[in-house]
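# Fold and geometry: a report
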Amino acid sequence: MQTSTKISFDNLEIAFSSKSDQQLKKQYLIFSAMNNNALVSFGTKFSNLALKLGLPVKGIIKSTVFSHFCGGENIQECEPTIKSLSEFGIGTILDYSVEGGEKEDGFDHTRDEIIATIHKASNNKAIPFSVFKITGLASTPLLAKVQAGKQLSQAETEAFERVKARVNAICKSAFDHGVRIFIDAEETWIQDTIDQMAYEMMFLYNKETAIVYNTYQMYRADMLGNLSEALQNAREKRYYLGAKLVRGAYMEKERARAKEMGYPSPIQPNKAASDRDFDAALKLAMDNKDVFYICCGSHNEKSTIYLAELMNEHGLKNDDARFFFAQLYGMSDNISYNLANAGYNVAKYVPYGPIKSVMPYLGRRAAENTSIAGQSSREFELVKREMARRKANK
Ligand SMILES: Cc1cc2nc3c(=O)[nH]c(=O)nc-3n(C[C@H](O)[C@H](O)[C@H](O)COP(=O)(O)OP(=O)(O)OC[C@H]3O[C@@H](n4cnc5c(N)ncnc54)[C@H](O)[C@@H]3O)c2cc1C
């Protein structure tokens, strides 16, 4: 495998190589609809209501926005997506995207579903990681209460023991099957509880290689410090530090809560500070690559190029097992397909689950792709440019 050469994401022919003209046209129509802010706002509310009322909208959602951003309603339905991505050297990370449950049997069901994704990934090069969110396995108020150091009732203590047992069952299964697993990062008021569990799992299962990866949100002003501390702990306790680096998905919610409750916002003062710390985290990982295993979870071209350059400077092969890049399915194909074409380790989060359950996820993707100050979203621009390129070449 080659070592890094200068990577660029401008090659749209490679970026859209998996898409026929017809598929590209469909993508154009979906992004053109999402570009309309009023339509997204109305469509999101209408779809949620219609699904609640049992109106026949499932078919239309499934064949449009769902099929663009999700693999299917279950693992089986994701099969064509796994195959198609792998034909272009891109891995799939099956992301069971059911959010917001609060029942014990729902948490057990989620645990079993995540373990099913581990079985599916086992010995399958097309699925390099599994992933889960702790809030799929635990009540959020309980996680917050643990973090706040409040006294738990007997029932809550038992419920928290069951959460830890679910997390361990998943990570042990990952370890037994040799499948790497991400623990997603969530809101600051539950993240310490999540971190605690993640480090216990790393201590148990990361002795020979990184199986368990925690997630580090660099939009948090304290995160670079936390990452350095995690590195020091990993060195002292002699385990590999699996780290998925992201900027962070809950900025508005974090700022709003801090304001409402009257504490300083944990978020960086501006985007430049998030960008600076994200790149500093990549550098820290590279300088300590004897301990770190990294996944750069980002659609930011500059940071992606920066990691590729660091790999080059350090004389690493493009497919060095310690370094992975990941994007969300249906987003930034120009990054994923060009990285894969240059031989880097790259994968897509492929969310799946019943349509009704993934609606919050689809709502976030739609909101992200509306126009900002009259400008088309980045994704829509790329589709338009590729259509023009194909037309000119006919
Ligand atoms: C594979 C993958 C896994 C992910 N896993 C998680 C996860 O576990 N937990 C999670 O929270 N998110 C996760 N995300 C989402 C991620 O955190 C970002 O929201 C998203 O990827 C956008 O950031 P970016 O690096 O792609 O690019 P960019 O578009 O360059 O950055 C946008 C991000 O910058 C930050 N930002 C924007 N404006 C400001 C501002 N004014 N001040 C400070 N910061 C600002 C925000 O985090 C915003 O999302 C994941 C993303 C990917 C691709």
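Residues numbered from 1 in each chain as written. Predicted model: local features only at pLDDT ≥ 70, side-chain atom pairs only at ≥ 80, totals over all residues. Heavy atoms only, no water.

### Side note on the overall build of the chain
Within the chain, the secondary structure is distributed over 16 helices and eight strands. Relative to the 2.2 N^0.38 estimate, which gives 21 Å for 394 residues, the radius of gyration of the chain is 21 Å and therefore close to what a compact globule would have. Referenced to the eigenvectors of the C-alpha coordinate spread, the extents of the chain come out at roughly 65 × 60 × 45 Å. Within the chain, the proportion of its 394 residues that are buried is 52%. Put simply, of all contacts in the chain between residues at least 6 apart along the chain, 77% involve residues at least 24 apart. Side chains of the chain carry 50 positive and 47 negative charges; the gap between the two charge centres is 4 Å. (Helix = DSSP H or I, 4+ residues; strand = E, 2+ residues; numbered from the N terminus. Rg over C-alpha atoms; globule rule 2.2 N^0.38 Å. Buried < 20%, exposed > 50% of the residue type's maximum accessible area, 1.4 Å probe, protein only. Contact = heavy atoms within 4.5 Å. Lys, Arg positive; Asp, Glu negative; His and termini not counted. Charge placed at Lys NZ, Arg CZ, Asp CG, Glu CD.)

### Regarding the nonpolar core
In terms of nonpolar packing, the biggest core is built from 79 residues, with Phe132 and Tyr216 touching the most fellow members. With eight residues, the single largest contributor to this core is helix H9 (residues 188–205). Those residues in contact with Tyr216, other than ones at most four positions away along the chain, are Tyr199, Met202, Met223, Leu227, Ala230, Leu241, Gly242, Ala243, Lys244, Leu245 and Val246. By size, the runner-up hydrophobic cluster in this structure holds 37 residues, among which are Ile93, Phe182, Tyr293 and Ala366. (Core = buried A, V, L, I, M, F, W, Y, C linked by side-chain atoms within 4.5 Å.)

### Section: helix H8 (residues 154–177)
For H8, with 24 residues, the first-to-last C-alpha span of 35 Å sits near the 34 Å given by 1.5 Å per residue. Turning to H8, its buried residues number three or more, namely Ala159, Phe160, Val163, Arg166, Val167, Ile170, Cys171, Ser173 and Ala174. Elements in contact with the buried residues of H8: helix H6 (104–121), strand E2 (129–132), helix H7 (140–147), strand E3 (180–183), H9 and strand E4 (212–217). Directly beyond the C-terminal end of H8, a positive phi value near 65° is found at Gly178. (Expected span 1.5 Å × (residues − 1).)

### Focus on unusual backbone geometry
Positive phi is not limited to glycine here, since Asn123 has a value of about 60°. Looking at the element boundaries, Asn123 is found in the loop between H6 and E2. Using a relative accessible area of 82% as the deciding quantity, one classes Asn123 as exposed. Phi at Ser332 takes a positive value of approximately 50°, unusual for a residue other than glycine.

### Brief notes about the sheet that holds strand E6 (residues 292–297)
Read around the barrel, eight strands follow the order E1-E2-E3-E4-E5-E6-E7-E8 and close on themselves; strand pairing throughout is parallel. Each neighbouring strand pair of the sheet contributes to a mean axis angle of 30°, computed without reference to strand direction. Inspection of the sheet shows strand E5 (residues 241–246) paired to E6 by five bridges, in the parallel sense. Each bridged residue has a counterpart across the sheet, and for Leu241 the counterpart in E6 is Phe292. Where helix H10 (residues 223–237) meets the sheet, it contacts E4, E5 and E6, and its direction lies at approximately 170° from that of E5. (Pairing = 2+ DSSP bridges. Axes fitted to C-alpha atoms, helices over the stretch in contact; angles between N-to-C directions.)

### As for the pattern of salt bridges
Pairing is possible between side chains that carry opposite charge, provided their charged atoms lie close to one another. According to the stated counting rule, one finds 31 salt bridges in the structure shown. In this structure, Arg235 and Asp290 form a salt bridge, with 2.8 Å as the shortest nitrogen-oxygen distance. With a gap of 55 residues between them, Arg235 in helix H10 and Asp290 in the loop between helix H12 (271–287) and E6 connect regions that are remote in the sequence. You can call Arg235 partly exposed: its relative accessible area is 37%. Asp333 is the salt-bridge partner of Lys348, the closest N and O atoms lying 2.8 Å from each other. You can see Lys348 sitting in strand E8 (residues 346–352) and its partner Asp333 sitting in helix H14 (residues 333–341), a full 15 residues away along the chain. One salt-bridge network, held together by shared partners, links Glu13, Asp21, Glu386, Arg389, Arg390 and Lys394. (Salt bridge = Lys/Arg side-chain N within 4 Å of Asp/Glu carboxyl O.)

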